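One-letter residues, chain by chain:
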Amino acid sequence: MTEPTEQGLSTRSVHSGERRDPEGAIHTPLYTHSTFAFGSTADLLDVVEGRKPGNLYTRYGLNPTIRSLESKLADLEGGEQALAFSSGMAAEAATFLAHTRTGEHIVCIGDVYGGTFELLGDNLPQLGITTTFLRADEVHRLPDVLSGSTRIVFFETPSNPTLDIFDIATISGQARASGALTVVDNTFATPVNQNPLRHGADLVVHSATKYLGGHSDLTAGALIGPADLLGPVAMWRKNLGQVISPETASLLARSLRSLPVRVRAQNDTATAVASFLTTHPRVTRVNYPGLATGEAKQLVDAQMRGGGGMLSVVLDATGEQTAAVVDRLRLFSIAPSLGGVESLVTQPITTTHHGLAPDERAKRGIADSMIRLSVGLEDADDLIGDLAQALATP
Ligand code: PLP
């Protein structure tokens, strides 16, 4: 892990990884090219055999636009290297495939994105790679379920949609003692609010489709960590053809330059929205890391720098009444994604957790009357006004 540079996160978001071309373009240009030419066979072999960094073939990720983006991503997360992917799921799949073999085992803690559940629960077992799923309230059982064949411990923190916070340092320590890697999905927190590598995680994965992209106009993924752990993943990315496109890489680098400004504004607005909701008579529970109390607050203070833009609330209502509240919202659009400039709302039982059996949802605290909010960049007062009007009708 490289030490954080002297410069602040906003400065690094703008300048890190950028390459001026001979024309003087202010940022790294978009190179759409599939291949790159060499002056000599010796020069080509230097890159092919890894003696010199360079450009070669875009599917390998050896493209200047992609490499520039990856330098920025690595810097923001405080990792040695980064790999950029065509989606968050591509990053996760390549990571699991590279670091587990048939007969080996993964532990997944807490609620994770539905696609991750499917990958671990349905796809990987076809290859003889099995996963033990621990609910949030079972995290203390981790040492019992780690075995000699466990290669990866995976979790999101904060998790979706209950916004549970997991102790990265403790879990990483337990995993390491058992010879397993810890992989943290940092999509909800972003590197602005949390750097899991600094707390002991081995690898950090992102759905860059969310906050890193930030405008709901691209699909991408990222993996950050030490070069020796990324090498095997890069091979899977290359041979599965999962690399980010140069066009998307350029758009994502554009978005990263404003990441701290966006996420800090979203932290503030989400705090205001969550505070309003805690006082509302129709709201029975607000899940927001920025308002955590007790042990959860200690953990938030220890590993996060902001509460993020995501929150979920449980209403004193039936599932149908909750859907009606969602339908009355005007500024929050009904959509399953998150992390964009526009505010979004979902009722998890209709989207992310639709496939989960009702008793399993109940065990995980995902009520029919839960709604999840992704707070955008609108004015806090307008968002609060919208929620107030939607909650006003019984
Ligand atoms: N991780 C989290 C926390 C997500 O919310 C998602 C998607 O919603 C993913 C991973 C998968 O990312 P993508 O849709 O970019 O493949």
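All figures in this text were calculated on a predicted structure; none of them were measured in a lab.

Chemist: Teacher, can you tell me more about the overall build of the chain here?
Modeler: Helix and strand counts for the chain stand at 15 helices and 12 strands. A compact globule built from 394 residues should have a C-alpha radius of gyration of about 21 Å, and the chain, at 21 Å, falls within 12% of that. Along the first, second and third principal axes, the C-alpha set of the chain runs to 75 × 50 × 35 Å. Nonlocal contacts in the chain, meaning residues at least 24 apart in sequence, comprise 73% of its contacts between residues at least 6 apart. About 16,000 Å² of surface is accessible on the chain, with carbon and sulfur atoms providing 53% of the total. The chain carries 31 positive and 43 negative side-chain charges, and their two centres are separated by 3 Å.

Chemist: Teacher, can you tell me more about the pattern of salt bridges here?
Modeler: Two side chains of opposite charge can pair, provided their charged atoms sit close to one another. Counted by the stated rule, this structure contains 17 salt bridges. A salt bridge links Glu 18 to Arg 257, with the nearest nitrogen and oxygen atoms 2.8 Å apart. One end of the pair, Glu 18, is in the loop between helix H1 (9-15) and helix H2 (41-48); the other, Arg 257, is in the loop between helix H10 (246-256) and helix H11 (259-278), with 239 residues separating them in the sequence. A salt bridge links Arg 176 to Asp 202; its shortest N-O distance comes to 3.5 Å. With Arg 176 in helix H7 (residues 168-177) and Asp 202 in the loop between helix H8 (190-193) and strand S6 (203-207), this residue pair connects regions lying 26 residues apart in the sequence. Given a relative accessible area of 45%, Arg 176 falls into the partly exposed group. A relative accessible area of 14% places Asp 202 in the buried class. Ionic contacts of the salt-bridge type, sharing partners, join the residues Asp 46, Glu 49, Arg 51 and Lys 52 into one network.

Chemist: Is there a simple way to think about the domain arrangement of the chain in this case?
Modeler: Interfaces are often sized by the amount of accessible area the parts lose when they come together. Looking at the assigned domains, one finds that the chain contains domain 1 (9-256) and domain 2 (259-392). Listed per partner, the contact involves 38 residues of domain 1 and 38 residues of domain 2. Buried area between domain 1 and domain 2, summed over both chains or domains, comes out near 3,300 Å², and the portion from carbon and sulfur atoms is 57%. Of all residues in domain 1, Val 192, Asn 193 and Tyr 211 bury the most surface against domain 2, accounting for 23% of the area lost on that side. The interface formed by domain 1 and domain 2 holds 1 salt bridge in total.

Chemist: Explain the sheet that holds strand S7 (residues 221-225) to me, please; I cannot follow it from the model alone.
Modeler: Pairing between sheet strands relies on hydrogen bonds along the backbone, with the strands arranged either parallel or antiparallel. If you walk across this open sheet you meet the 7 strands as S1-S7-S6-S5-S4-S2-S3, and the pairing is mixed. The strands lining the two open edges of the sheet, one partner per strand, are strand S1 (81-85) and strand S3 (130-134). Strand-to-strand twist in this sheet, taken as the mean axis angle between neighbours without regard to direction, amounts to 20°. With 5 bridges joining them, strand S2 (residues 105-109) and S3 adopt parallel strand pairing. Counted as the bridge partner of His 105 is Thr 130 from S3. Contacts from helix H5 (residues 114-123) reach S2, S3 and strand S4 (150-156), with the element oriented near 130° to S3.

Chemist: How should the site of the ligand be read in this particular structure?
Modeler: Near the ligand you find Ser 87, Gly 88, Met 89, Glu 92, Tyr 113, Glu 156, Asp 185, Thr 187, Ser 207, Thr 209, Lys 210 and Ala 220, and these make up its full shell. Backbone polar atom of Met 89 to an oxygen atom of the ligand: 2.9 Å apart, as the coordinates give it. Separating an oxygen atom of the ligand from a side-chain N or O atom of Ser 207 is a distance of 2.8 Å. Its free accessible area being 390 Å², the ligand has 91% of it covered by the protein chains. If one sorts the elements of the shell around the ligand by residue count, helix H4 (residues 88-99) sits on top with 3 residues. Its residues assigned to classes, the shell around the ligand shows 3 nonpolar, 5 polar and 4 charged.

Chemist: Could you clarify how one ought to interpret the nonpolar core in this entry?
Modeler: Soluble globular proteins tend to bury their nonpolar side chains together. The biggest cluster of nonpolar side chains holds 30 residues, and the ones touching the most others in it are Leu 69, Leu 73, Leu 212, Ile 244, Leu 252, Leu 256 and Leu 259. Only helix H3 (64-77), S1, S7, H10 and H11 provide two or more residues apiece to this core. For this core, the element with the most residues is H3, which contributes 5 residues. Residue contributions to this core reach at least three from each of two domains, namely domain 1 (9-256) and domain 2 (259-392). In this structure, Leu 252 is in contact with Leu 69, Ala 208, Leu 212, Gly 213, Leu 218, Ala 220 and Ile 244, ignoring residues within four places of it in sequence. Listed in part, the 27 residues of the second largest apolar core include Ala 93, Phe 96, Ile 129 and Ile 152.

Chemist: How should I be thinking about the packing of aromatic side chains in this particular structure?
Modeler: By convention here, two paired aromatic rings are described through the distance between centres and the angle between planes. Scanning all chains against the criterion turns up 4 aromatic pairs. Relative to Tyr 60, the ring of Tyr 57 lies with its centre 5.4 Å away and its plane at 80°, an arrangement referred to as edge-to-face. Taking relative accessible area as the criterion, Tyr 57 reaches 33% and is therefore assigned partly exposed. Both rings, one in Phe 155 and one in Phe 166, keep their centres 6.0 Å apart while their planes meet at 75°; by these two values the pair is edge-to-face. Of this pair, Phe 155 sits in strand S4 while Phe 166 sits in the loop between S4 and H7, and the two are 11 residues apart along the sequence. Lying over the aromatic face of Tyr 113, Lys 210 brings its terminal NZ or CZ to 5.9 Å of the ring centre.

Cut-offs used in this document
For every chain, the first residue of the written sequence is number 1, and numbering continues from 1 onward in sequence order. Totals for whole chains, interfaces and linings use every residue, but because this is a predicted model, local features are given only for residues with pLDDT of at least 70 and side-chain atom pairs only at 80 or more, for both listing and counting. Side-chain metrics in this entry use all non-hydrogen atoms of the structure; hydrogen atoms and water are not considered. Secondary structure elements follow DSSP: runs of H or I of four or more residues count as helices, runs of E of two or more count as strands, with numbering from the N terminus. Both definitions apply: the radius of gyration is a C-alpha atom measure, and the globule rule equals 2.2 Å times residues to the power 0.38. In what follows, residue pairs with any heavy atoms lying within 4.5 Å of each other are defined as contacts. All accessibility values rest on the Shrake-Rupley procedure with a 1.4 Å probe; residue burial counts only the protein chains present in the view. We count Lys and Arg on the positive side and Asp and Glu on the negative side, and we leave His and both chain ends out. A single reference atom marks each charge: NZ on Lys, CZ on Arg, CG on Asp, CD on Glu. For this document, the term salt bridge refers to a Lys or Arg side-chain nitrogen within 4 Å of an Asp or Glu carboxyl oxygen. Between buried and exposed lies partly exposed: a residue is buried under 20% and exposed over 50% of the maximum accessible area for its type, with that area taken using a 1.4 Å probe on protein chains only. In this entry, domain limits derive from an automatic or database-based domain assignment. Defined in terms of a 1.4 Å probe, buried area is the accessible area two parts forfeit on being brought together, summed over both. Only strands joined by at least two bridges in the DSSP assignment are considered to pair. Every angle, taken between N-to-C directions, lies between 0 and 180 degrees, and every axis is a line fitted to C-alpha atoms, over only the stretch in contact when it is a helix. In this text, near means that some heavy atom of the residue lies within 4 Å of the molecule or strand in question. As used in this structure description, the phrase polar contact means that two N or O atoms lie within 3.5 Å; if the pair is within protein, one of them must be able to donate a hydrogen and the other to accept it, and residues adjacent in sequence are counted only when both atoms belong to side chains. Amino acids are sorted into nonpolar (Ala, Val, Leu, Ile, Met, Phe, Trp, Tyr, Cys and Pro), charged (Asp, Glu, Lys and Arg) and polar (every other residue, Gly among them). We define a nonpolar core as any set of buried Ala, Val, Leu, Ile, Met, Phe, Trp, Tyr and Cys residues linked to one another through side-chain atoms lying within 4.5 Å. Centre distance within 6.5 Å is the pairing criterion for rings of Phe, Tyr and Trp, where only the six-membered ring of Trp is used; planes under 30 degrees apart are then read as stacked, over 60 as edge-to-face, and the remainder as tilted. Lysine NZ or arginine CZ positioned within 6 Å of the ring centre and within 35 degrees of the ring normal marks a charge as sitting over the ring.

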